[in-house]
Amino acid sequence: METLVIGGAGYIGSHVVRALLDAGHRVTVYDNLSSGKEENLFGDATFVRGDILDKVALSACLSEGFGVVVHLAALKAAGESMDLPGKYAENNIAGTINILNAMTNHKVKRLVFSSSAAVYGDPVYQPIDEEHPTEPVNFYGFTKLEIERILAWYDRLKGLRYAALRYFNAAGYDPEGRITGLERNPANLLPVIMEVACGLRDTLRIFGNDYETRDGTGVRDYIHVSDLATAHVQALDYIDRADASLTVNLGSESGVSVAEMLETAREITGRPIPAEIVARRPGDPAELVSTARKAGEILGWRPTSSDVKTLVATSWRIYRRLISP
């Protein structure tokens, strides 16, 4: 199948492209390289440099005859979204509308969308399932939820079938080491730990150690990026086969604390990885854990690489190249 991956040069996008190529898809990547990296592009995929805010370029690309679009292009810094909501509204919401309109104009009827667990906001109960209330606590989460609502209307009005995949915390790297492009200015826990291990940062800041968790530090549901990528391929197959839309969580269904991630990283890297305890961040819940049962039942999806040791080891394989010999 001819597949267009928008945002396919980014961290998650490049893993999705690799999974699609491995599954036999013919892939074109559309990316403005604002956060994606050229080293994440594969020679067996076509590359088109373009922006989702450029309606002319987007339409020209989609005129080439694709069966499905995978949409991963978004700004994703939750804190920045609270300071610059206009920027996030334009890129995430208006940019997605540009994609949907270009797809409709060129009769492309299948979309896999990168959503987020940020649509849920503060947990009312756990584990979090797809019926959990959706009350985002940051503007980034609002943009993802608003896009899901828009997708439901395009399904109803235009017959566009979609899969909205609500990621929990993506981490790790391709176990075969085929993807080497590192995220720019990462804010998530594991890449920050890796940067401390490599000497790019002096210390890891742990935001609070007095939560009501097993060791006092925050607990999150981490899902290996290669497991996420597999789910995209399965979701694409499902909406094509069933001619139906769906919304599912993608998580490991288990929680890893900050302290557990840090200790595992110290063990695997053999490096001290200095850390300091600082004040909690406002709005950070003690624990966030998913249930991904629906994805298992509908897609047959099961994470296979999301244990903490694999998350750390596959990341360290890539990051340790940054250490001077």
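Described below are features of the structure shown in this document. (Residues numbered from 1 in each chain as written. Predicted model: local features only at pLDDT ≥ 70, side-chain atom pairs only at ≥ 80, totals over all residues. Heavy atoms only, no water.)

1. Here's the deal with the overall build of the chain
Reasoning step 1: When you go through the chain residue by residue, the secondary structure sums to ten helices and 14 strands.
Reasoning step 2: A globule of 325 residues ought to have a C-alpha radius of gyration of about 20 Å, and the chain, at 19 Å, matches this closely.
Reasoning step 3: Viewed in the frame of its principal axes, the chain has a C-alpha envelope of about 55 × 45 × 40 Å.
Reasoning step 4: Taking all 325 residues of the chain together, the buried fraction comes to 54%.
Reasoning step 5: Across the chain, the mean location of the 34 positive side-chain charges is 3 Å away from that of the 42 negative side-chain charges. (Helix = DSSP H or I, 4+ residues; strand = E, 2+ residues; numbered from the N terminus. Rg over C-alpha atoms; globule rule 2.2 N^0.38 Å. Buried < 20%, exposed > 50% of the residue type's maximum accessible area, 1.4 Å probe, protein only. Lys, Arg positive; Asp, Glu negative; His and termini not counted. Charge placed at Lys NZ, Arg CZ, Asp CG, Glu CD.)

2. Notes on the sheet that holds strand 9 (residues 219-220)
Reasoning step 1: Spatially, three strands are ordered 12-9-14 in an open sheet, and the strand pairing comes out mixed. With one partner strand each, in any of the chains shown, strand 12 (256-257) and strand 14 (287-288) form the two edges of the open sheet.
Reasoning step 2: Sheet topology places strand 9 next to strand 14; two bridges connect them, and they run parallel. Residue Arg 220 lies in a different strand from strand 14, and its bridge partner there is Leu 288. (Pairing = 2+ DSSP bridges.)

3. Brief notes about the sheet that holds strand 6 (residues 161-167)
Reasoning step 1: Pairing is parallel in the open sheet, where seven strands are placed in the order 3-2-1-4-5-6-11. Strands at the two margins of the open sheet, each flanked by one partner only, are strand 3 (46-49) and strand 11 (246-250). Mean inter-strand twist for the sheet, computed between neighbouring axes without regard to direction, equals 20°.
Reasoning step 2: In terms of strand pairing, strand 1 (residues 2-6) meets strand 2 (residues 26-31) through five bridges, oriented parallel. Residue Ile 6 lies in a different strand from strand 2, and its bridge partner there is Tyr 30. (Axes fitted to C-alpha atoms, helices over the stretch in contact; angles between N-to-C directions.)

4. Notes on the pairing of strand 4 (residues 68-71)
Successive side chains on a regular strand alternate, one facing one side of the sheet and the next facing the other.
Reasoning step 1: Side chains Val 68 and Val 70 project from strand 4 onto one buried face, and the interleaved Val 69 and His 71 project onto a second face that is buried too.
Reasoning step 2: Pairing of strand 1 with strand 4, which is carried by four bridges, proceeds in the parallel orientation. Within strand 4, the position partnered with Ile 6 by the bridge is His 71.
Reasoning step 3: In terms of strand pairing, strand 4 meets strand 5 (residues 110-116) through three bridges, oriented parallel. Paired with His 71 across the two strands is Phe 113, which belongs to strand 5.

5. With respect to unusual backbone geometry
Glycine aside, residues mostly have negative phi angles, and peptide bonds mostly take the trans form.
Reasoning step 1: Going from Gln 126 to Pro 127, the amide bond is cis rather than trans, its omega being -5°.
Reasoning step 2: Mapped onto the fold, Pro 127 is located in the loop between strand 5 and helix 5 (139-158).
Reasoning step 3: For Leu 33, which is not a glycine, the phi torsion comes out positive at approximately 60°.
Reasoning step 4: Classification of Leu 33 as buried rests on a relative accessible area of 10%.
Reasoning step 5: Despite not being glycine, Ile 273 shows a phi value in the positive range, around 50°.
Reasoning step 6: With respect to the helices and strands, Ile 273 occurs in the loop between helix 8 (258-269) and strand 13 (275-278).
Reasoning step 7: With a relative accessible area of 2%, Ile 273 lands in the buried category.

6. As for the pairing of strand 5
Reasoning step 1: Most of strand 5 is tucked away, with seven of its seven residues classed as buried.
Reasoning step 2: Residues of strand 5 alternate between two faces, with Arg 110, Val 112, Ser 114 and Ser 116 on one and Leu 111, Phe 113 and Ser 115 on the opposite face, all of them buried.
Reasoning step 3: Pairing geometry for strand 5 and strand 6, over seven bridges, is parallel. Across the sheet, the residue bridging to Ser 115 is Arg 166, located in strand 6.
Reasoning step 4: Taken together, strand 5, helix 5 and strand 6 form a β-α-β motif whose crossover is right-handed. (Right-handed = clockwise from strand over helix to strand, strands pointing away.)

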